[in-house]
2 protein chains.
Amino acid sequence: MNVRTLCLGILTFKEASGYEIKKMVEEDVFGHFIDASYGSIYPALTKMMAEGLVNVRAEEQAGKPDKKVYAITPLGRQELAAALLVDPAKDKFKSEFMFQIMLQEYLPKEHVAQIYQSQIEYLRDEIEKIRCCVDHHSTHPSMSFVAGFGEASLGAGLKYLEDNKDAILGGDNRDLKIVQPMDQNRKQKNA
Amino acid sequence: MNVRTLCLGILTFKEASGYEIKKMVEEDVFGHFIDASYGSIYPALTKMMAEGLVNVRAEEQAGKPDKKVYAITPLGRQELAAALLVDPAKDKFKSEFMFQIMLQEYLPKEHVAQIYQSQIEYLRDEIEKIRCCVDHHSTHPSMSFVAGFGEASLGAGLKYLEDNKDAILGGDNRDLKIVQPMDQNRKQKNA
DNA sequence: AAAACATATATCAAATCGATATATGGCTAA
DNA sequence: TTAGCCATATATCGATTTGATATATGTTTT
């Protein structure tokens, strides 16, 4: 599934500018299972405009740059329906945090503690955001369903991190740290 | 975090060929939070070879093509440690399935039922795979931790799909009844 | 008054993907 | 039996996508 289909799908819910599509993709319910950058959204909209899948309306705004508000056309809906019929790709979950945890022996203890706590707070924020989304979009049942899924998955992940804090950050830590003897006649090689 | 760091991190656990790294990235515990294709892995290994971050050993195999087994060097470990110190990027979860569910009104009912069932089976498979991984790598505690996280998250997602089957596939799609899971995090809000 | 930030569009080098090419051998169904 | 497919293995390349940056303007914060 490419950025074209992504934009068409979003324009199904409401007409929007490229900027607004990007915001929805990173903040709204969408943000939890799709992603795209300006560098792909703007060219996609321009191209789809030329192909008649969307149309534009320039909107003047007081105190802000003009907005190009895009709306999906019947032809666009046709292409969307065709694109959606393709079997969905496997889910993809990327977490640099988990990669770092897996390689924690290469990181200072305090740093691991810091990123662990940040991750917990990040997950709490995300879950809170989803709950706000559900309130806003409670009219659309599919959105509530999707939001519920995100809440369930992230909630379980958060709980796991909270419950297993000690497993990673446990008090007396392992043999990882090499303690150098206090020898005043010798300069320390390692900081 | 780029493919270089990814490869270095994996080579930390055992020396491997590009082909094996790709397999680990899509099948092993790794597969649940990182990803990379041949098109990025092979060039990364070649370049890191030239920079002295890894070294190669050609391995002849009976009945199979020769294997280039890469191993991380002390210099490679140094670069890895530096790269890991950078704050991890936000988690990224992509699910074309969820996108399709959100736009289910554009899809035939039977097709929605089909992809829904496929998703459930896919999640069951993934969870099963993780459990196998844990058995294999039970020696490495960080791996067990990471695998446990994946199991918790995916498990909650699977349960959600199983519990809310009727909400999406039930006789009348317009009357969605979403079963919210018992959520311990929600309680904290009022506490 | 300066700095930072939000809105808004746009571009582009660099990174990455996804598909394909090449080669070898084992397995298996017509 | 042999043609077709699958697994191992490396490599390349066009197309897509990212991530950073440029430009313009107004508001809010320091």
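Residues numbered from 1 in each chain as written. Chains lettered and ligands numbered in written order. Predicted model: local features only at pLDDT ≥ 70, side-chain atom pairs only at ≥ 80, totals over all residues. Heavy atoms only, no water.

(A) Molecular detail of the nonpolar core. By size, the foremost hydrophobic cluster in this structure holds 51 residues, and its most contacted members are Ile21(A), Phe145(A) and Leu161(B). Sorting elements by how many residues they give to this core places helix H6 (residues 109-136) of chain B first, with 7 residues. Ignoring sequence-local partners within four residues, the contact set of Leu161(B) consists of Phe145(A), Phe149(A), Phe97(B), Met98(B), Tyr116(B), Gln119(B), Ile120(B) and Leu123(B). (Core = buried A, V, L, I, M, F, W, Y, C linked by side-chain atoms within 4.5 Å. Buried < 20%, exposed > 50% of the residue type's maximum accessible area, 1.4 Å probe, protein only. Helix = DSSP H or I, 4+ residues; strand = E, 2+ residues; numbered from the N terminus. Contact = heavy atoms within 4.5 Å.)

(B) Geometry of helix H4 (residues 74-84) of chain B. All names here are of chain B. Three or more residues of H4 are buried, namely Gly76, Leu80 and Leu84. Seen from one end, H4 has its buried residues packed into an arc of 70°, which puts them on one side. Exposed residues lying more than 90 degrees from the buried face of H4 are Pro74 and Gln78. (Arc of directions from axis to C-beta.)

(C) Main features of the interface of chain B and chain A. Taken residue by residue, the interface counts 73 residues in chain B and 71 residues in chain A. Carbon and sulfur atoms make up 65% of the area that chain B and chain A hide from each other, which totals about 7000 Å². For the pair chain B and chain A, the number of links is 2 salt bridges. The salt bridge partner of Lys92(A) is Asp35(B), with a shortest N-O separation of 3.2 Å. Here chain B and chain A share 34 residue pairs in polar contact (both at pLDDT 80 or more) between them. Elements with a minimum of two residues in the side of chain B that touches chain A: helix H1 (3-11), H4, strand S3 (92-94), helix H5 (96-102), H6, helix H7 (141-163) and helix H9 (184-190) of chain B. A per-element tally of the side of chain B that touches chain A places H7(B) first, with 13 residues. Inspection of the sheet shows strand S3 (residues 92-94) of chain A paired to S3(B) by 3 bridges, in the antiparallel sense. Within S3(B), the residue paired with Phe93(A) across the bridge is Phe93(B). (Buried area = accessible area lost by both parts, 1.4 Å probe. Salt bridge = Lys/Arg side-chain N within 4 Å of Asp/Glu carboxyl O. Polar contact = N/O pair within 3.5 Å; in protein donor to acceptor, adjacent residues only side chain to side chain. Pairing = 2+ DSSP bridges.)

(D) Inspection of the relation of the copies chain B and chain A at higher detail. Mapping chain B onto chain A calls for a rotation angle of 180° and an axial translation of 0.0 Å; the resulting RMSD is 0.1 Å. The relationship between the two copies is best expressed as a two-fold rotation axis. When the interface residues of chain B are mapped onto chain A, 86% of them are again interface residues, pointing to one common binding face. (Least-squares fit on C-alpha atoms with pLDDT ≥ 70 in both.)

(E) Region of interest: the pattern of salt bridges. In this structure the tally under the stated criterion is 26 salt bridges over all chains. Lys159(A) serves as the salt-bridge partner of Asp163(A), at 2.7 Å between the closest nitrogen and oxygen. In this pair, Asp163(A) and Lys159(A) are both assigned in helix H7 (residues 141-163), 4 residues apart and thus about one turn of the helix distant. When the shortest N-O distance is used, the salt bridge between Arg4(B) and Glu79(B) registers 3.0 Å. You can see Arg4(B) sitting in helix H1 and its partner Glu79(B) sitting in helix H4, a full 75 residues away along the chain. Owing to a relative accessible area of 16%, Arg4(B) belongs among the buried residues under this scheme. When salt bridges that share partners are traced, they join Glu15(A), Glu20(A), Arg57(A), Glu59(A) and Lys67(A) into one network.

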